[in-house]
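The lines below spell out each chain.
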Amino acid sequence: MRNAYLRTIKRMGSRKINIIDLFTGMLGESKNISIKKKSKTVKSNGLKTIKKFEVKKLEILDINGNCNKKLMPKLSKEEIKKLYEFMILSRVFDEKALNLQRQGRLGVYASMRGQEASIIGSAYALKKDDWIFPCFRENGALILRGYPMHQLFMYWGGDERGMQVPNNVNSFPISIAVGTQTLHAVGAAYANQYMNKKVANIVYFGDGGTSEGDFHEAMNLAGTFKLPVVFFCQNNQYAISVPRSMQTASETIAQKAIAYGFNGIQVDGNDVFAVYKAAKEALDNARNGKGPTLIESYTYRLGDHTTSDDAKKYRNEKELNEWLKKDPIARLEKYMRKNKISNAVYEKKVLENSSRQVDLAVKEYESTPLQNPEEIFNYMYSELTPELKEQQEEMLKNLKEENES
Amino acid sequence: MANLNIVDAINLGLKQEMQKDKRVVIFGEDVGKDGGVFRVTDGLQKLYGIKRVFDTPLCESGIVGMAIGMSAFGLRPVAEIQFEGFSYPALDQLITHASRIRNRSRGRFSCPLVIRCPWGGGVKALEHHSEAPETYYIHTPGLKVVIPSTPYDAKGLIVSAIRDENPVIFFEPKKVYRAIKEEVPEKEYTIPIGKAKIAKEGSDVSVITYGSSVRDCLKVAETLQDKYNLEVIDLRTLSPLDTDSIINSVKKTGRAVIVHEAQKTLGLGAEIIARINEKALLSLEAPVERVTGYDIIVPLPKREDLNRPTEKRIIKAIEKVMNF
Ligand SMILES: Cc1ncc(C[n+]2csc(CCOP(=O)(O)OP(=O)(O)O)c2C)c(N)n1
Ligand SMILES: [Mg+2]
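Residues numbered from 1 in each chain as written. Chains lettered and ligands numbered in written order. Predicted model: local features only at pLDDT ≥ 70, side-chain atom pairs only at ≥ 80, totals over all residues. Heavy atoms only, no water.

**Quick word on the overall build of chain B**
In step 1: Broken down by element type, chain B carries 12 helices and 14 strands.
In step 2: Oriented by its inertia axes, the alpha-carbon framework of chain B measures out at about 60 × 45 × 40 Å.
In step 3: Burial analysis of chain B (324 residues in total) assigns 62% to the buried set.
In step 4: For chain B, contacts bridging at least 24 residues in sequence account for 82% of all contacts bridging at least 6.
In step 5: Total accessible area on chain B is roughly 12,400 Å²; 53% of this is exposed by carbon and sulfur atoms.
In step 6: Looking at chain B, you have 46 positive and 42 negative side-chain charges, and the mean spots of the two groups are 2 Å apart. (Helix = DSSP H or I, 4+ residues; strand = E, 2+ residues; numbered from the N terminus. Buried < 20%, exposed > 50% of the residue type's maximum accessible area, 1.4 Å probe, protein only. Contact = heavy atoms within 4.5 Å. Areas by Shrake-Rupley, 256 points an atom, 1.4 Å probe, with all protein chains shown as cover. Lys, Arg positive; Asp, Glu negative; His and termini not counted. Charge placed at Lys NZ, Arg CZ, Asp CG, Glu CD.)

Next comes the structure, spelled out in structure tokens:
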């Protein structure tokens, strides 16, 4: 078995699938719809087992910074440093954003604290030509891909120019409407394939996102058309206040892929090596015509849902403390020290460098003058309609008169 | 009597209806343990248990579709859609089914459900959290659309919405959720659906509005009080529209300004003007003015105000009809 190195976390073999003859409505055994010819059909209670499934979990780096060498992906010391540096940069960006929000210098913000390995590990596995379809909790992935940080601050600060993804960054705009972007990634995958571009498309969403109809339609379409999409679920255990266990009766999110006819895998989302490895393999498969993959990145949101939320209302400190021990950055730091990839001087330098970059971005964000008023009209259509032109002129005239009075 | 804001007033109305009517159930995203992201359902799960107040998975179409089945089979579901901008995944269930089950079954089934939904802009939020999508719902035959603007009305209207035999979309203007406080009786009362309210009586011009704009229009009435005597009409129900109240006011004043934050084209203002034309054209001293959002996507917070019917824009429109 290709994934023999993975721990099996869920066996579904004990569940039987009855074959019902569609025409007579009778329970029958006339058709053998077993997909793998090799798989044995075992009789029990008079019913044949026609399909067994397993759900695997990939874990490489433990909380003490020890790694399973057999599973370790090929990464040079320089590459490991890059992963670390982007994870630190993400955390520094995050902390700054939360601070700015508290001071009224930024709008509502969704923190990625605790999910840095999940975000950076997956984004680092992308090739430059690949595309990402983010939701709202992947600032780190966008930064890694080259989205200027000051523009991200602009976005979260309520300036529409922050939404304009630079031309050299292969990312669709941030999707606030949960789950919807999964379908866009499927369409993009179809288009890319149609144009013979050998690129993969990764779409991010949360555990909550898997409850939306769009997610299921996207999974079904991707499976049916065998499209080059990687569905990357950041299962951070909560959708605002709703815990994962109340989001779905599925014991894992990874297993949802099975119903749609492709591979699903769970990874330790706080283990950057595991995330990277799973994402790389899935992206390679996508590029090589092997169709979609669902990755469930099992992680935890250490902060509030957003700055408008108070997580204390619905989750306890004990749980939080357990997850604090699994911090993805601390774990990588331990590994790097043990393996002489880093030391205190290096760590300090990375932190200082990140702070400097983030501070510069804040400066640029805050010194950017307000967007010109007329701009709010300019992207409704390819060109202004006559009615919009009239409304735009009326607004400008009003503003001028207000300024004069 | 207690001094309550809109959040607390709706909460009280829900609580009392739940107490009185075992068929009432509340559900939606984060409405249970969290008490709703705006705390409108706070404490209700504790009082009535998770069978009657429950968190759902994240699925708007599922929430509304399920409410349809529940209402047709004897319950009185009050479902929450977390923000107006996330009501669109549920549009299919509302337009294709909730609004039509009565007609489709020739009266055998009906959908006495309530969809509560925080509504409107001016709260400095992310995309989809500041919209005014009422036209989609007003335009759908079979749905009622309600939007209180004060705590007193909010309590009376939520009770009426729950008791109504038809599907009701209950929008809650989030900008004034906590901004207005007033005495709200503990004792049971209802405000009829389909009846507008004269929020301030006047004689010079009828300012017709709803939602958080009511407060802005009342402020304008105060600002201009030495100059003009404005009549401010709070529609409270957008569908069915209280045409009589509009027409009576316009016949009295001879002038009208309509204020809403929804887009201009096919915004409710357009329909109101048409009804004035049909029923009170000859009473008009000046063409009716509209102060609305432009026909654009609501801008993000830094530039959102440009699109809002601000007091300045309302005053300008009033000057225009007064000086025609
Ligand atoms: C369609 C839709 N419904 C509701 C919301 C409001 N909302 C924003 S985030 C969120 C929870 C999302 O949970 P999850 O998918 O697990 O992502 P996470 O926030 O945990 O990263 C909700 C309900 C939304 N943005 N979009
Ligand atoms: Mg989540």
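Now that the structure is up, let's keep going.
**Topic: the interface of chain A and chain B**
In step 1: On the side of chain B, 34 residues touch chain A, which itself brings 40 residues to the contact.
In step 2: Summing both sides of the interface, chain A and chain B together bury roughly 3,400 Å²; the carbon and sulfur share of this comes to 59%.
In step 3: For chain A, the biggest contributors to the area lost against chain B are Ile176(A), Lys313(A) and Ile376(A); these three give 17% of the whole.
In step 4: Counting the contacts that link chain A with chain B gives three salt bridges.
In step 5: In this structure, the salt-bridge partner of Lys316(B) is Glu401(A), at a minimum N-O distance of 2.0 Å.
In step 6: Counting across the interface, chain A meets chain B through 13 residue pairs in polar contact (both at pLDDT 80 or more).
In step 7: Broken down by secondary-structure element, the contributors of at least two residues to the side of chain A that touches chain B are helix 4 (149–156), helix 7 (244–247) and helix 13 (386–404) of chain A.
In step 8: With nine residues, the single largest contributor to the side of chain A that touches chain B is helix 13 of chain A.
In step 9: The class makeup of the residues in the side of chain A that touches chain B is 21 nonpolar, 11 polar and eight charged. (Buried area = accessible area lost by both parts, 1.4 Å probe. Salt bridge = Lys/Arg side-chain N within 4 Å of Asp/Glu carboxyl O. Polar contact = N/O pair within 3.5 Å; in protein donor to acceptor, adjacent residues only side chain to side chain. Nonpolar A, V, L, I, M, F, W, Y, C, P; charged D, E, K, R; others polar.)

**Quick notes on the site of ligand 1**
In step 1: Taken together, 20 residues are adjacent to ligand 1, and Arg137(A), Ile176(A), Asp207(A), Tyr238(A) and Glu60(B) come closest.
In step 2: Proximal residues around ligand 1 fall on chains A and B, making this an inter-chain site.
In step 3: Within the backbone of Gly209(A), a nitrogen or oxygen atom sits 2.9 Å from an oxygen atom of ligand 1.
In step 4: Within the side chain of Asn236(A), an N or O atom sits 2.9 Å from an oxygen atom of ligand 1.
In step 5: Grouping the amino acids of the shell around ligand 1 by side-chain chemistry returns nine nonpolar, six polar and five charged. (Near = heavy atom within 4 Å.)

**Re a nonpolar patch on the surface**
All names here are of chain A.
In step 1: On the surface, a nonpolar cluster with roughly 570 Å² of combined accessible area is contributed by Tyr190, Tyr194, Met195, Leu221 and Phe225.
In step 2: Structurally, the position occupied by Met195 is in the loop between helix 5 (181–194) and strand 6 (201–206).
In step 3: A residue is classified by how much of its surface remains accessible, and Met195, at 51% relative accessible area, is exposed. (Patch = residues over 30% accessible without salt bridge, like charges linked within 9 Å, V, L, I, M, F, W, Y side chains within 5 Å.)

**Points about the nonpolar core**
In step 1: Counting 82 residues, the largest nonpolar core has Ile80(A), Phe93(A), Phe153(A), Phe273(A), Ile295(A), Leu332(A) and Tyr335(A) as the members making the most contacts within it.
In step 2: Sort the elements by how many residues they give to this core and helix 1 (residues 77–102) of chain A lands first, with 11 residues.
In step 3: In terms of nonpolar packing, the next biggest core, distinct from the first, is built from 47 residues, Met70(B), Ile81(B), Cys111(B) and Trp119(B) among them. (Core = buried A, V, L, I, M, F, W, Y, C linked by side-chain atoms within 4.5 Å.)

**Re the sheet that holds strand 12 (residues 237–239) of chain B**
Residue and element names in this part refer to chain B.
In step 1: Pairing in this open sheet of seven strands is mixed, and the strands run 3-2-4-5-7-6-12 from one edge to the other. Edge positions in the sheet fall to strand 3 (53–55) and strand 12, since each of these pairs with one other strand and no more. Strand-to-strand twist across the sheet, computed as the mean angle between neighbouring axes with direction ignored, equals 20 degrees.
In step 2: Strand direction decides the pairing type here: strand 2 (residues 24–28) and strand 3, joined by three bridges, are parallel. By the bridge assignment for strand 3, Ile26 is matched with Val53. (Pairing = 2+ DSSP bridges. Axes fitted to C-alpha atoms, helices over the stretch in contact; angles between N-to-C directions.)

**Some remarks on the environment of Ile193(B)**
All names here are of chain B.
In step 1: Structurally, Ile193 is set in the loop between strand 8 (182–184) and strand 9 (197–200).
In step 2: Linking Ile193 and Asn103, residues 90 residues apart in sequence, is a C-alpha distance of 21 Å.
In step 3: Once you skip the residues sitting within four places of it in the chain, Ile193 turns out to touch Lys144, Val146, Leu157, Ser160, Ala161, Asp164, Val168, Thr237 and Pro240.

**Comments concerning the domain arrangement of chain B**
Residues and elements named next belong to chain B.
In step 1: When cut into domains, chain B gives domain 1 (2–184) and domain 2 (197–322).
In step 2: Taken together, the contact pairs 31 residues of domain 1 with 23 residues of domain 2.
In step 3: Interface of domain 1 and domain 2: buried area, both sides summed, is about 2,200 Å²; carbon and sulfur atoms make up 56% of it.
In step 4: Sorting the residues of domain 1 by area buried against domain 2 places Lys124, Ile138 and Ile147 first, and these three jointly supply 21% of that buried surface.
In step 5: Linking domain 1 to domain 2 there are two salt bridges.
In step 6: With a shortest N-O distance of 3.2 Å, Arg236 and Asp153 are connected by a salt bridge.
In step 7: At the junction of domain 1 and domain 2, the tally comes to 11 residue pairs in polar contact (both at pLDDT 80 or more).
In step 8: Put simply, the parts of the chain that give the side of domain 1 that touches domain 2 at least two residues each are helix 6 (134–138), strand 6 (144–146) and helix 7 (151–163).
In step 9: Per element, the largest residue contribution to the side of domain 1 that touches domain 2 is four residues, and it comes from helix 6.
In step 10: Of the residues contributing to the side of domain 1 that touches domain 2, the split by class is 17 nonpolar, seven polar and seven charged. (Domains from an automatic or database assignment.)

**Points about the pairing of strand 4 (residues 76–80) of chain B**
Residue and element names in this part refer to chain B.
In step 1: Counting buried positions along strand 4 gives five out of five residues, so the element sits mostly inside the fold.
In step 2: The two faces of strand 4 match: Arg76, Val78 and Glu80 on one face and Pro77 and Ala79 on the other face are all buried.
In step 3: Pairing between strand 2 and strand 4: five bridges, direction parallel. Bridged to Ile26 within strand 4 is Val78.
In step 4: The sheet contact formed by strand 4 and strand 5 (residues 114–119) spans three bridges and is parallel. Bridge pairing links Glu80 to Arg116 in strand 5.

**Topic: the packing of aromatic side chains**
In step 1: Counted by the stated rule, this structure contains 29 aromatic pairs over all chains.
In step 2: Centroid distance Phe377(A) to Tyr294(B): 5.2 Å. Interplanar angle 55 degrees. Geometry classified as tilted. One end of the pair, Phe377(A), is in the loop between helix 12 (344–366) and helix 13; the other, Tyr294(B), is in the loop between strand 14 (289–293) and helix 11 (301–304), on a second chain. Neither residue differs from the other here; Phe377(A) and Tyr294(B) are each classed as buried.
In step 3: Geometry around Tyr346(A) places Lys81(A) over its ring, the cationic atom sitting 5.1 Å from the centre.
In step 4: Positioned over the ring face of Tyr238(A) is Arg315(A), at 5.5 Å from the centre of the ring. (Phe/Tyr/Trp six-rings, centres within 6.5 Å; stacked < 30°, edge-to-face > 60°. Lys NZ or Arg CZ within 6 Å of the ring centre and 35° of its normal.)

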